[in-house]
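Residue-level listing of the chains:
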Amino acid sequence: MSYFITNEQGKNEYRKFGKLRLQSTIHPAFSLTLLGFCMLVLILLAWNFNNMINQNIDNHILHLYSRQSLLHIVSDKFLSFGLDTSLLRDMKSLPIKDSKFINLARLLGPAYVRVGGTSADCLYFNQTKIVSEKVINPIDGQDISNFTINETDFENLYNFATESKLRMIFDLNVLIRNVNDSWNDVNAKNIISFAKNKGMTLDWQLGNEPNSFRHVFNRNVNATQLAHDYCHLRELLDEMGYNKSLLVGPEVNHVEDTIHMGEQYAKTFLENDKNSVNYVTWHQYYLDGREAQLTDFINISTFNYLPKQIKSMQKAIISSGGLIPMWLSETSTAYGGGAPNLSDRFVAGFLWLDKLGYSASTGVNVVTRQSLFGGDYAMIGSDLIPNPDWWVSVVYKKFVSEKVLELLPIPLEYVRLYAHCTPKKAWTGRFPAITIYGINLANFPIRTTIQGIPVFHRNAKVYLYALTSDKLQSRTIKMNGELLKLESNGNLPPFRPIVLESIEQITLPPYSMIFIIIHNANVPACYT
């Protein structure tokens, strides 16, 4: 059976088979002979099958040293998400006042909600006269004509963030420029002043993917000039009462391309920005949404692209003379709005969960998913039904803390696992827990044994949560075989684990995302 269609193999790994009742109307003697022959055939088949399976289900050992220090501590808003500024072109269609939408966003907290994107550099505030002629982005066909939002629009955005218990980041227009090419700050001042007068607490960005302005807008803002613009914005924020707000940038893309355009732009920016930004931000996608295929989403080479990008950006930051931590401030599986019937389906979860795990293991402080709503990469569909990646994110929030541990991986490319301390709210008692999570990309089960973690009690338990689906392109997702769906009142359903003895081998089902909680783990770093 092709796993590009269904995923049935191994689904009963932890279930007891019912008894098989045979009925026969054949003569008893012949029936016994036939039964004996059938049993012999079954034994031979079973022997061959077991040999086949044992070749695939080898026991792989993981090591996590209990006395290690924390590898990193990332933001408590590490898993965050965006609302693309293009959605503000039609505020009536954006469900930010819908109680169901607010509830779905709240269940992903704490998080930043970044309001940014290409259209951020087309946005005017409270302007009655703007360019109305429609302009199309030659890269992805997006509308890049100028447009206006008013005070009510901005306030509704902020109210959505606060009601969802999120922290809003707003991306200001950097393409409003003076004749000498310096940044014209009037539009930004109006927004900042309005926000301050309303007592709003939020963070800021300036511009989106400035190293690509020539291709998108046929304009140019070089990295040195943008650094000066950021310094100017930092001064404005400090003067206007937002001295405690974050300013993050420069929002570059094209990292690890053939000419390293994004890294070079960021390096020059950092050499000139005079410490105006709190975090270095850049955008990351694996695939072109117009060309991506299902096989790309489970191809190891696709997964291996992110580590190269992170290392390249880290090198650029170091070469600039700075030690500023980084954010992936806009990221998803495929750019251009995502890949239809792929970026919002179960199969996209592998890249998403692996990105979270690998990014945290390298010290990336925040990962901002594009997007919460809108496009083929949305976590919430236009029908306000959560897509699989929303569920993956909710489970991550529940079982994974900001405290990152070092896990020595098993030498298998198709099994990618990471370790964190478990959030205290998910402990079963007063002793800590460890969460090991990740993916099995193989189309067969993988058995693992975890070593190096002493426990406080001999009867300590291991909880296994396996996320699977019947089809890789399904819009639904299961936990330990049960379909995940919200309760009628909008609450999360109970997450029912498979409970294992701590000494048992743990089987990772084929094509699965895994969360393993080791309760009562004696790891001192997880106490602090």
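Residues numbered from 1 in each chain as written. Predicted model: local features only at pLDDT ≥ 70, side-chain atom pairs only at ≥ 80, totals over all residues. Heavy atoms only, no water.

For the chain, the name recorded in an unreviewed UniProt entry is Heparanase, with Bombus impatiens as its organism. According to its UniProt record, the chain has this under Sequence similarities (unreviewed entry): "Belongs to the glycosyl hydrolase 79 family." (UniProt positions renumbered as here; feature names shortened; annotations may be inferred.)

Caption draft 1: Fine view of the nonpolar core. One finds F154, M168, F170, W204, F350, L372 and F515 to be the most contacted residues of the largest nonpolar core, which totals 130 residues. Examining the composition of this core, we find that eight residues originate from one element, helix α10 (residues 348-361), more than from any other. For this core, the domains that each give at least three residues are domain 1 (59-70 + 407-526) and domain 2 (75-401). Counting 30 residues, the second largest nonpolar core, distinct from the first, contains L405, I410, I450 and L464. (Core = buried A, V, L, I, M, F, W, Y, C linked by side-chain atoms within 4.5 Å. Buried < 20%, exposed > 50% of the residue type's maximum accessible area, 1.4 Å probe, protein only. Helix = DSSP H or I, 4+ residues; strand = E, 2+ residues; numbered from the N terminus. Domains from an automatic or database assignment.)

Caption draft 2: Molecular detail of helix α9 (residues 305-319). For α9, built from 15 residues, the straight-helix expectation of 21 Å at 1.5 Å per residue is met to within 8% by its first-to-last C-alpha distance of 21 Å. Inspection of α9 places L306, P307, Q309, I310, S312, M313, A316 and I317 among the buried residues, and these make up the whole buried set. Each element contacted by the buried residues of α9 is listed here: β9 (248-252), α7 (261-272), β10 (279-288), α8 (300-303), β11 (326-335) and α10. Immediately downstream of α9, the backbone of G321 shows phi near 90°, a positive value. (Expected span 1.5 Å × (residues − 1). Contact = heavy atoms within 4.5 Å.)

Caption draft 3: Representation of the sheet that holds β11. Spatial ordering of the open sheet is given by β8-β7-β4-β3-β12-β11-β10-β9, a layout of eight strands whose pairing is parallel. The sheet is open, and its two borders are formed by β8 (203-206) and β9, each paired with just one other strand. Pairwise comparison of adjacent strand axes, ignoring direction, gives a mean angle of 25° for this sheet. Two elements, strand β3 (residues 79-84) and strand β12 (residues 366-369), share three bridges in a ladder whose sense is parallel. Along β12, the bridge assignment pairs L79 with V367. This element, helix α6 (residues 223-239), spans β7 (167-172), β8 and β9 of the sheet and lies at about 155° to β8. Packed onto the sheet, α10 meets β3, β10, β11 and β12 and runs at close to 165° relative to β11. (Pairing = 2+ DSSP bridges. Axes fitted to C-alpha atoms, helices over the stretch in contact; angles between N-to-C directions.)

Caption draft 4: Expanded view of the sheet that holds strand β16 (residues 446-451). Here we have three strands laid out as an open sheet, ordered β1-β16-β21, and mixed in their pairing. The two strands at the open ends of the sheet, each matched to only one other strand, are β1 (59-63) and β21 (506-508). Pairwise comparison of adjacent strand axes, ignoring direction, gives a mean angle of 35° for this sheet. Where β16 meets β21, three bridges bridge the pair, whose relative direction is antiparallel. The residue bridging T448 from the neighbouring strand is I506, located in β21.

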